[in-house]
Amino acid sequence: MRKSVILPGVAVVGGLAGLAVRWLYLTRGFAPGTGLPVSGSPTPWLMVLVVAAVVVIPLALGRGKHQVFDRCYTGAFASDSLPCLSGMLAGAVLLAVGGFLALALWVSSPMDPITNQRSMSAAWLVTGILCLLGAAGIYFVTQKMRQGKPILTAWVVTPGFACALWVMANYHQNWAEEPILGHYWVPMLAAALSLVACFLVAGFAFDKGRVPVTQTVCVAAAALDIMALADGLSLANTALYLAMMFYLASMASSLAANDAKEVERPLCATFCQSCAGCAPMGTMPPKEKKKKKGETGDNTPDAPVSP
């Protein structure tokens, strides 16, 4: 079976198994009176095993030689597969929904009459704006790759910045106040891995692409995003975790499919010599440095002219 099918399958199966174990842990792993963890419960170790499995399996599958997608984002992630394209666009739609819900969450939060500030952190306002930009970035990049046209590398980093503010907003609003790590470590780890995965994906547009690491982190993040849904999240967080799950699983599948192909030029390769969107960080070769006055082609100063 192809890795492009196995990797998202590992993310979905591992995520659903982790979702069930996480639900058991949250419902039966804490004492009813005190809310403290129950000693001797096996569910924490089962969660650790699930997390280890979704990291080790894609890491083992990623062994061997890989193509070098040198400053070529399209060559790494362009896909003709309907499930992959649908997953990318589903991630964009859910990211936009999560952005609107985050904005609504901030706007509807009550004002403190003393400090004249909202009870909800302003990080949610910025998160909502960046999520909308991230959704637009995923959509535009997917469309450009599908049409075989050069992409604008500024768009590929927008999901990562949205994740960064998402982590900050959740930490300030929810996780920092929670004294028991077991109540929030899965959502926190899922959001943090999604942040790392988004920037690893974006690294292919900046000559920083690493195929096995990117595949592993994308699969692990997608599985943990599913696992985090057991925590009874807000609507905004639910939409954002689902968005990252669809987006990262699709990107891992596309990368595995393109990595298995024979080395070939991407559809947008005809634009390399005049590509204003990718240059100098995308598919266009770097510009030659201008020679300083008094230097020859071999970087040695010109010989003095005798009178």
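Residues numbered from 1 in each chain as written. Predicted model: local features only at pLDDT ≥ 70, side-chain atom pairs only at ≥ 80, totals over all residues. Heavy atoms only, no water.

## Concerning the overall build of the protein
Inference 1: Of the regular secondary structure elements, the protein holds ten helices and zero strands.
Inference 2: Reading the helices (α) and strands (β) of the protein from amino to carboxyl end gives α-α-α-α-α-α-α-α-α-α.
Inference 3: Buried positions account for 45% of the 307 residues belonging to the protein.
Inference 4: Carbon and sulfur atoms provide 67% of the accessible area of the protein, an area that totals close to 16100 Å². (Helix = DSSP H or I, 4+ residues; strand = E, 2+ residues; numbered from the N terminus. Buried < 20%, exposed > 50% of the residue type's maximum accessible area, 1.4 Å probe, protein only. Areas by Shrake-Rupley, 256 points an atom, 1.4 Å probe, with all protein chains shown as cover.)

## Some words on the state of the cysteines
Inference 1: Evaluation of the coordinates by the stated rule reveals zero disulfides.
Inference 2: With no disulfide partner, Cys131 has as its closest neighbouring cysteine sulfur the one in Cys163, 7.4 Å distant.
Inference 3: The thiol sulfur of Cys163 is not disulfide-bonded, and the nearest other cysteine sulfur, from Cys198, lies at 4.0 Å. (Disulfide = S-S within 2.5 Å.)

## Comments concerning helix α7 (residues 158–175)
Inference 1: Look at α7: 24 Å from first C-alpha to last across 18 residues, which is about the 26 Å you get at 1.5 Å a residue.
Inference 2: Every buried residue belonging to α7 is among Thr158, Pro159, Gly160, Ala162, Cys163, Leu165, Trp166, Val167, Ala169, Asn170 and Trp175, and all of these are buried.
Inference 3: Structurally, α7 contributes buried residues whose contacts are with α5 (123–147), α6 (153–156), α8 (185–202) and α10 (235–260). (Expected span 1.5 Å × (residues − 1). Contact = heavy atoms within 4.5 Å.)

## Comments concerning the packing of helix α2 (residues 43–61) against helix α9 (residues 211–227)
Inference 1: Put simply, α2 and α9 touch, their axes get as near as 8 Å, and they point 150° apart. Between α2 and α9, the angle is such that the two are roughly antiparallel. In the packing of α2 onto α9, the handedness of the crossing is right-handed. Note on element contacts: α9 touches α2 through Thr216, Val219, Ala220, Ala223, Leu224 and Met227, opposite Met47, Val51, Val54, Val55, Pro58 and Leu59.
Inference 2: Taken together, the residues of the contact of α2 with α9 break down into eleven nonpolar, one polar and no charged. (Axes fitted to C-alpha atoms, helices over the stretch in contact; angles between N-to-C directions. Parallel < 35°, antiparallel > 145°, perpendicular 65-115°, else oblique. Left-handed = near helix turned anticlockwise from the far one by under 90°. Nonpolar A, V, L, I, M, F, W, Y, C, P; charged D, E, K, R; others polar.)

## Details of the nonpolar core
Inference 1: If you look at the biggest cluster of nonpolar residues, it comprises 70 residues, and the most contacted ones within it are Tyr73, Phe77 and Tyr247.
Inference 2: When residues no more than four places from it in sequence are discounted, the contact partners of Tyr73 are Val141, Met145, Ile151, Val156, Val201, Ala202, Phe204, Ala205, Tyr247 and Met251. (Core = buried A, V, L, I, M, F, W, Y, C linked by side-chain atoms within 4.5 Å.)

## Here's the deal with the packing of helix α4 (residues 82–107) against α5
Inference 1: Packing of α4 against α5 brings their axes to within 7 Å, and their N-to-C directions diverge by 160°. Put simply, α4 runs roughly antiparallel to α5. Relative to α5, the crossing made by α4 is left-handed.
Inference 2: When the residues that make up the contact of α4 with α5 are grouped by side-chain class, the tally is 19 nonpolar, five polar and one charged.

## A few points about α8
Inference 1: In this model, α8 (18 residues) spans 26 Å end to end at C-alpha, consistent with the 26 Å of a helix rising 1.5 Å per residue.
Inference 2: Regarding α8, the residues found buried are Trp185, Val186, Pro187, Ala190, Ala191, Ser194, Ala197, Cys198, Val201 and Ala202.

## Details of the packing of aromatic side chains
Inference 1: Counted by the stated rule, this structure contains six aromatic pairs.
Inference 2: Note on Phe140 and Trp155: the rings are 5.3 Å apart at their centroids and 50° apart in plane angle, and the pair reads as tilted. Within this pair, whereas Phe140 is found in helix α5, its partner Trp155 is found in helix α6, the two being separated by 15 residues in sequence.
Inference 3: Each ring, one from Trp166 and one from Tyr241, has its centre 4.6 Å from the other, and the planes form 65°; the classification is edge-to-face. (Phe/Tyr/Trp six-rings, centres within 6.5 Å; stacked < 30°, edge-to-face > 60°.)

## Regarding the environment of Gly40
Inference 1: Mapped onto the secondary structure, Gly40 falls in the loop between α1 (3–28) and α2.
Inference 2: Sequence separation between Gly40 and Gly29 is eleven residues, and the spatial gap between their C-alpha atoms is 9.2 Å.

## Let's talk about the side chain of Thr158
Inference 1: Along the polypeptide, Thr158 turns up in helix α7.
Inference 2: Relative accessible area serves as the criterion here: at 14%, Thr158 is assigned to the buried category.
Inference 3: A polar contact of 2.7 Å, which involves the side chain of Thr158, links it to the backbone oxygen of Trp155.
Inference 4: Every residue in contact with Thr158, bar those within four places of it in the chain, is listed here: Leu130, Leu133, Gly134 and Gly137. (Polar contact = N/O pair within 3.5 Å; in protein donor to acceptor, adjacent residues only side chain to side chain.)

## Regarding the side chain of Asn170
Inference 1: Along the polypeptide, Asn170 turns up in helix α7.
Inference 2: Note on Asn170: relative accessible area 2%, which makes it buried.
Inference 3: Setting aside its immediate chain neighbours within four residues, Asn170 contacts Trp124, Trp175 and Asn237.

## So, the environment of Tyr241
Inference 1: Position of Tyr241 relative to the elements: it lies in helix α10.
Inference 2: Along the chain, Tyr241 and Leu224 lie 17 residues apart, while their C-alpha atoms are 8.9 Å from each other.

## Here we look at the confidence of the model for the protein
Inference 1: Residues at a pLDDT of 70 or more form 84% of the protein, whose mean pLDDT is 82.
Inference 2: For the stretch residues 274–287, pLDDT sits under 50, and the model shows 32 contacts to residues farther than four places along the chain or on other chains. (pLDDT = per-residue confidence, 0-100.)

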